[in-house]
Amino acid sequence: GKRLRLGWLWGRAGGGGGGGRDLGNHGALTMMRPLLGVWRSEIDQYVAQQQLKFREDATNQELVARRNQMRHKIIPWLEKQLGRNIRATIWRAATVLREEEDFLETLTPIGLTKSKELNVAQLRPLPPALQRRTIRRWLTQRGVPDLGFPVVEEVRGLLAGGAPARINLPRGAHVRRRAGKIFLE
């Protein structure tokens with residue numbers, strides 16, 4: 001999906017972004033996207049065959065949004081360089097990543113993130129992928145913004161012990177490790 005395809009480029013993979021899902025929740029709003037898996041060329045062909053009136057959102061052509069930069073500049077450039085259509089390959093990869101994301105989410109220990117503190121002894125034996133997911137969820141639940149891979153990895157580094165025992169987060173927040181606990185300041 002779009003968000004998943006773009007998210008890994010900006011260090012947000014494994015963030016549960018939900019890209020590529022035909023049903024998604026945004027707060028109280030449930031969005032249904034039944035044509036998400038249908039190629040644009042197929043939609044254009046159907047519209048022409050059925051002689052339907054069609055209106056394109058003008059913002060889809062603006063290059064301000066990253067998704068449009070990807071669609072109109074980056075993917076065409078990559079296709080030109082590689083000499084082939086890569087859209088189906090990207091879609092397959094996004095589908096696999098989304099399914100693996102869903103599976104890993106079922107393995108993430110939700111109980112660890114409900115406390116104000118993360119227990120180092122409980123988190124340390126987990127595989128790195130589950131450590132990252134747990135830390136990301138815990139930070140997100142506490143309203144920490146701008147969570148990319150580097151931030152999560154810095155916090156994960158606190159599991160090893162030793163120095164440093166304090167990590168600076170975006171917008172002036174801090175995470176500290178003391179007495180076997182990781183907590184926000």
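Residues numbered from 1 in each chain as written. Predicted model: local features only at pLDDT ≥ 70, side-chain atom pairs only at ≥ 80, totals over all residues. Heavy atoms only, no water.

Caption draft 1: View of the overall build of the protein. The helix and strand inventory of the protein stands at seven helices and six strands. Reading the secondary structure of the protein in the N-to-C direction produces α-β-β-α-α-α-β-α-α-α-β-β-β. Within the protein, the proportion of its 185 residues that are buried is 28%. Restricting the contact set of the protein to residue pairs at least 6 apart, pairs at least 24 apart contribute 44%. As displayed, the protein has an accessible area near 12200 Å², and 56% of this comes from carbon and sulfur atoms. (Helix = DSSP H or I, 4+ residues; strand = E, 2+ residues; numbered from the N terminus. Buried < 20%, exposed > 50% of the residue type's maximum accessible area, 1.4 Å probe, protein only. Contact = heavy atoms within 4.5 Å. Areas by Shrake-Rupley, 256 points an atom, 1.4 Å probe, with all protein chains shown as cover.)

Caption draft 2: Representation of the side chain of R136. Mapped onto the elements of the fold, R136 is located in helix α6 (residues 128–141). With no salt bridge to any partner, buried R136 finds its closest opposite charge in E101, at an N-O distance of 7.6 Å. Within the structure, the side chain of R136 is placed 3.0 Å from the backbone oxygen of L147, a separation counted as a polar contact. (Lys, Arg positive; Asp, Glu negative; His and termini not counted. Salt bridge = Lys/Arg side-chain N within 4 Å of Asp/Glu carboxyl O. Polar contact = N/O pair within 3.5 Å; in protein donor to acceptor, adjacent residues only side chain to side chain.)

Caption draft 3: Focus on the pattern of salt bridges. Considering all chains together, one arrives at 10 salt bridges under this definition. The salt bridge involving E56 is made with R40; its shortest N-O contact spans 2.8 Å. Note that E56 is positioned in the loop between α2 (40–50) and α3 (66–82) and R40 in helix α2, a separation of 16 residues in sequence. On the basis of relative accessibility, which here comes to 40%, the residue R40 falls in the partly exposed class. Each of E101, E105, R133 and R137 takes part in a single network of salt bridges with overlapping partners.

Caption draft 4: Spotlight on the environment of P164. Looking at the element boundaries, P164 is found in the loop between α7 (149–157) and β4 (166–168). Since its relative accessible area comes to 48%, P164 is described here as partly exposed. Once residues lying within four places of it in the same chain are set aside, the contact partners of P164 are L158 and R177.

Caption draft 5: Representation of the pairing of strand β6 (residues 181–184). Where strand β3 (residues 117–119) lies against β6, three bridges are found, and the strand directions are antiparallel. By the bridge assignment for β6, N119 is matched with K181. (Pairing = 2+ DSSP bridges.)

Caption draft 6: Region of interest: the nonpolar core. Formed by 18 residues in total, the largest nonpolar core has its most connected members in I135, L139, V155, L169, V175 and I182. Broken down by secondary-structure element, the contributors of at least two residues to this core are α5 (120–123), α6 and α7. If we ignore the near neighbours within four places in the chain, the residues touching L139 are V144, L147, V155, L169, V175 and L184. (Core = buried A, V, L, I, M, F, W, Y, C linked by side-chain atoms within 4.5 Å.)

Caption draft 7: Up close: the confidence of the model for the protein. For the protein, the average pLDDT comes to 84, and 88% of its residues sit at 70 or higher. Low pLDDT, under 50, characterises residues 1–6; the predicted model gives this stretch 21 contacts beyond four residues in sequence or across chains. Contacts of residues 10–18 to residues separated by more than four positions or lying in other chains number 18 contacts, the stretch itself having pLDDT below 50. (pLDDT = per-residue confidence, 0-100.)

Caption draft 8: Inspection of the sheet that holds β3 at higher detail. Strand order across the open sheet formed by four strands is β3-β6-β5-β4, with antiparallel pairing between neighbours. The outermost strands of the open sheet, each flanked by one partner alone, are β3 and β4. On average, each strand axis in the sheet is tilted by 15 degrees relative to the strand beside it, whichever way the strands run. Inspection of the sheet shows strand β5 (residues 174–178) paired to β6 by four bridges, in the antiparallel sense. By the bridge assignment for β6, V175 is matched with L184. (Axes fitted to C-alpha atoms, helices over the stretch in contact; angles between N-to-C directions.)

Caption draft 9: Representation of the packing of helix α4 (residues 87–107) against α6. For the pair α4 and α6, interaxial distance at closest approach is 10 Å and the crossing angle is 80 degrees. Comparing their axes, α6 and α4 come out roughly perpendicular. Seen from α4, the contacting residues are E101, L104, E105 and L107; seen from α6, they are L130, R133 and R137. Of the residues assigned to the contact of α4 with α6, the class counts are three nonpolar, no polar and four charged. (Parallel < 35°, antiparallel > 145°, perpendicular 65-115°, else oblique. Nonpolar A, V, L, I, M, F, W, Y, C, P; charged D, E, K, R; others polar.)

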